[in-house]
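Spelled out, the chains give:
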Amino acid sequence: MGSKSKKRLVLPSRPEPPSVEQIVEDINRAYPNDPVFTVLQDESQDAKPGSASSEVEMIYQQSRRFLELNDRLQEARGELARRREDLRSLGDALGRSVDEVKEKAGSLPCFDKSDS
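This section reports on the structure supplied with the text. None of these values were measured; they are calculated from a predicted model.

Turning our eyes to something else, we now look at a nonpolar patch on the surface. A contiguous nonpolar patch, built from Ile23, Ile27, Val36 and Phe37 and spanning about 340 Å² of accessible area, is present on the exposed surface. For the nonpolar patch, the elements supplying multiple residues, two or more each, are α1 (20-29) and α2 (35-46). The exposure class assigned to Phe37 is partly exposed, which follows from its relative accessible area of 33%.

Quick look at the structure:
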């Protein structure tokens, strides 16, 4: 009986993992009906309304919505503070203008108070 020599198959080296930019690009170029995304949707639709996984998903979505609304609220707060300061400075400038007009009006002969 002859000895059989087994040849070892030489595999090519593994490719480098993709960079974050490449992953993001792949995700952005994926179609909405890509199986990866539709499987996740199917699982969430298959979950029973009272099941723990659907409740966790609901709480997660509520948390995300809360964080988004909180960010918008903080932005609006900053915008309102800026507008308040703008209005305050405009009000001060208007007050100075009114005082100037009163001074100039008081110096006109037709508005002289001594004629009364």
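Quick look at the pattern of salt bridges now. Where charged atoms of side chains with opposite charge meet at close range, the side chains can pair. Counted under the stated rule, the structure contains eight salt bridges. Glu79 is paired through a salt bridge with Arg82; the nearest N and O atoms lie 2.6 Å apart. With Glu79 and Arg82 both in helix α3 (residues 52-106) and three residues apart, the pair spans about one turn of that helix. We classify Glu79 as partly exposed; its relative accessible area is 29%. Taking the shortest distance from any N to any O, the salt bridge between Arg84 and Glu85 comes out at 3.8 Å. The class of Arg84 is partly exposed, set by a relative accessible area of 47%. By relative accessible area, which is 38% here, Glu85 ends up partly exposed. Salt bridges linked by common partners bring Glu79, Arg82, Arg83 and Asp86 together as one network.

Quick notes on the rules
- Residues numbered from 1 in each chain as written.
- Predicted model: local features only at pLDDT ≥ 70, side-chain atom pairs only at ≥ 80, totals over all residues.
- Heavy atoms only, no water.
- Patch = residues over 30% accessible without salt bridge, like charges linked within 9 Å, V, L, I, M, F, W, Y side chains within 5 Å.
- Areas by Shrake-Rupley, 256 points an atom, 1.4 Å probe, with all protein chains shown as cover.
- Salt bridge = Lys/Arg side-chain N within 4 Å of Asp/Glu carboxyl O.
- Helix = DSSP H or I, 4+ residues; strand = E, 2+ residues; numbered from the N terminus.
- Buried < 20%, exposed > 50% of the residue type's maximum accessible area, 1.4 Å probe, protein only.

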